[in-house]
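Summary of the model geometry
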Amino acid sequence: MEITKIYGRTYYVKGATNTGIYFFDDNKALIIDPGYRGLRPKKLIEKFKDENIDLKYIINTHEHNDHYGACNQFKEVYNNAKIVSSKEAKIYIENPEIFAKYIMGGKPNDFFHSILKDTCIEHIDIDIDIDIAVDYSNMKYSEIPVKIIFMPGHTSGSISVMTKDKVIFVGDTLVGEIILKKYDFLFLYDIEAYINSLEILKNIEFEYLVLGHGKEIISKKNSYSLIERHEQAIQKYLNQVRKLLIEPITLEKLLKHIIVNNNLSSNYKEYHFFKSSLVSLISYLAKLEEIEYIVHEGELLYYTKRK
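The structure reproduced in this document is the subject of the present report.

A separate point is the nonpolar core. Generally speaking, nonpolar side chains in soluble globular proteins are found buried as a group. Core analysis: the largest hydrophobic core is formed by 43 residues, its most contacted members being I168, L174, L201, L209 and V241. Mapped onto this core, the elements with two or more residues apiece are α8 (191–202), α9 (220–244), α10 (251–261) and α11 (268–287). Sorting elements by how many residues they give to this core places α9 first, with seven residues. Look past the residues within four positions of L201 in its chain and what remains in contact with it is M151, I168, V170, L174, F206, L209, K220 and I227.

On to the environment of D110, then. Relative to the helices and strands, D110 is located in helix α6 (residues 110–115). Overall, D110 belongs to the exposed group, its relative accessible area being 64%. Linking D110 and H272, residues 162 residues apart in sequence, is a C-alpha distance of 14 Å.

Summed over all chains, the structure comprises 12 aromatic pairs. Pairing F99 with F273 gives two aromatic rings, centres 6.0 Å apart and planes at 80 degrees, and the pair type is edge-to-face. Within this pair, whereas F99 is found in helix α5 (residues 97–104), its partner F273 is found in helix α11, the two being separated by 174 residues in sequence. For the residue pair F99 and F273, the accessibility class agrees, reading buried in each case. An aromatic cluster of three or more residues is present, and its members are Y92, F99, Y102, F187, Y189 and F273.

On to the packing of α5 against α11, then. Helix packing for two helices is described by the angle between their axes and how far apart those axes are. Packing of α5 against α11 brings their axes to within 9 Å, and their N-to-C directions diverge by 70 degrees. Taken together, the axis directions place α5 and α11 in an arrangement best described as roughly perpendicular. On α11, the residues that touch F99, Y102, I103 and M104 of α5 are Y268, H272, F273 and S276. Across the contact of α5 with α11, the residue classes break down as six nonpolar, two polar and no charged.

This paragraph deals with the sheet that holds strand β12 (residues 217–219). Backbone hydrogen bonds are what pair the strands of a sheet, in a parallel or an antiparallel way. Pairing in this open sheet of five strands is mixed, and the strands run β8-β9-β10-β11-β12 from one edge to the other. Taken across any chain shown, the strands that pair with only one partner, and hence form the sheet edges, are β8 (147–150) and β12. On average, each strand axis in the sheet is inclined to that of its neighbour by 25 degrees, with strand direction left out of account. Direction of pairing for strand β11 (residues 208–210) relative to β12: antiparallel, over a ladder of three bridges. Counted as the bridge partner of V210 is I217 from β12. Packed onto the sheet, α9 meets β11 and β12 and runs at close to 100 degrees relative to β12.

Scoring rules and cut-offs
Going along each chain's sequence as written, the residues are numbered from 1 onward. A pLDDT threshold of at least 70 governs which residues receive local features in this predicted model, and a stricter bar of 80 or more applies before side-chain atom pairs are shown or counted, although totals over entire chains, interfaces and linings include all residues. In computing side-chain values, all of the structure's heavy atoms are included and hydrogens and water are not. Buried Ala, Val, Leu, Ile, Met, Phe, Trp, Tyr and Cys residues form a nonpolar core when they are joined through side-chain atoms within 4.5 Å. For the exposure calls, accessible area comes from a 1.4 Å probe over protein chains only, and a residue counts as buried if that area is under 20% of its type's maximum, exposed if over 50%, partly exposed in between. A run of H or I in DSSP becomes a helix once it reaches four residues, and a run of E becomes a strand once it reaches two; helices and strands are each numbered from the N terminus. Should any heavy atoms of two residues lie within 4.5 Å, those residues are counted as being in contact. Pairing of aromatic side chains requires ring centres within 6.5 Å, counting the rings of Phe and Tyr and the six-membered ring of Trp. Pairs whose planes differ by under 30 degrees are stacked, by over 60 edge-to-face, and all others tilted. For helices, the axis comes from a line fit to the C-alpha atoms of the stretch in contact; other axes are also lines fit to C-alpha atoms, and the angle between any two N-to-C directions lies between 0 and 180 degrees. Each angle receives one of four descriptions, namely roughly parallel if under 35 degrees, roughly antiparallel if over 145, roughly perpendicular if within 65 to 115, and oblique otherwise. For this classification, Asp, Glu, Lys and Arg are treated as charged, while Ala, Val, Leu, Ile, Met, Phe, Trp, Tyr, Cys and Pro are nonpolar and the rest, including Gly, are polar. Pairing between strands is defined by DSSP: at least two bridges between the two strands are required.

The following block contains the structure:
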C-alpha cells in the first residue's frame, strides 16, 4: 500500500475507493472516505502506528458503504477520532439497512442481498456512530480543519472536502472518464440538486481534484471538461425520457428502453440502481411540469404534457 502525495500535506491512498489523508504539523491526521473494512485500512493503521501518527477525524463524503464502511476499523484503534458526515448522510450510515429499503422500495430480498455483499449491509461488525453531523445551518465547522462543501445530488447527503492545500475530494459527485464511458447513466438521487452542485464545483477555487473512484488526479483546468461530460450525460437521458414519454408508458417499459438502447449491463442490483435513477429523472421532469401520469387498467403510465 502506497500513500501518494498530491500537494503540500495532502495525500491519498489509491483503491477501489480512494482515501484522502491530510497530515497536520503535530503528527496528527484526518482521513476522507476510509473505504471498505478490510486489508487496506489495516495496512494504513499499521503505517500510522509505525510513524506515530494520531488519527483525529474520519470524514465521509456520503452515505454509501464503499466510502464509509471502514470507519469503525479505524475507531477501534483510535478511540478519540471523530467520525464526520453530513446530517443527511448520518441517517443512512447509522442505519445502513435503510439504503437497501430505499433502493428496493420495500423490504429487500435475498436476490438483492446475495449481490450486494460488499455494500451497505454486509461486513459491518459494529454499528457506526457519527460524532459530528454537519448541516447547512452551520457552515464554518471551526472544529474541523478542512472546508466542507455541500454537494447533494448523487445522494441527499453528499459533501466535498477541501484541504488547506486546495485539494478537493468530491466523493462520487464526479466519476472518471473510463467509468463515465461505460456507465454514463449516473446513479443520482436528486437531479436538480446535482445540476446545482456541478455549478458550485465549477466556481470553487481548487488546484487538484480527487475522485472517489479513479486513478487520476485532476487539475482545475481539466475539471471543466469532466464536469461538462457529466452535464451532457444528464441531458442525454433526460432527452431520451422525454422522447419515450410522447406516448403513455410504464416505468418498467421506460427502464427497458433505457437499458437496451444504451447497452447498459444490468444484474439484479444494477437494475434497481438504474430504476432508482430513472425515478429521479421522472421526479425532475415532474417538477419542471413537463410530464403527467394516468392510472389505466392497473398500470401507472407517464407521458409528456400536451401543449
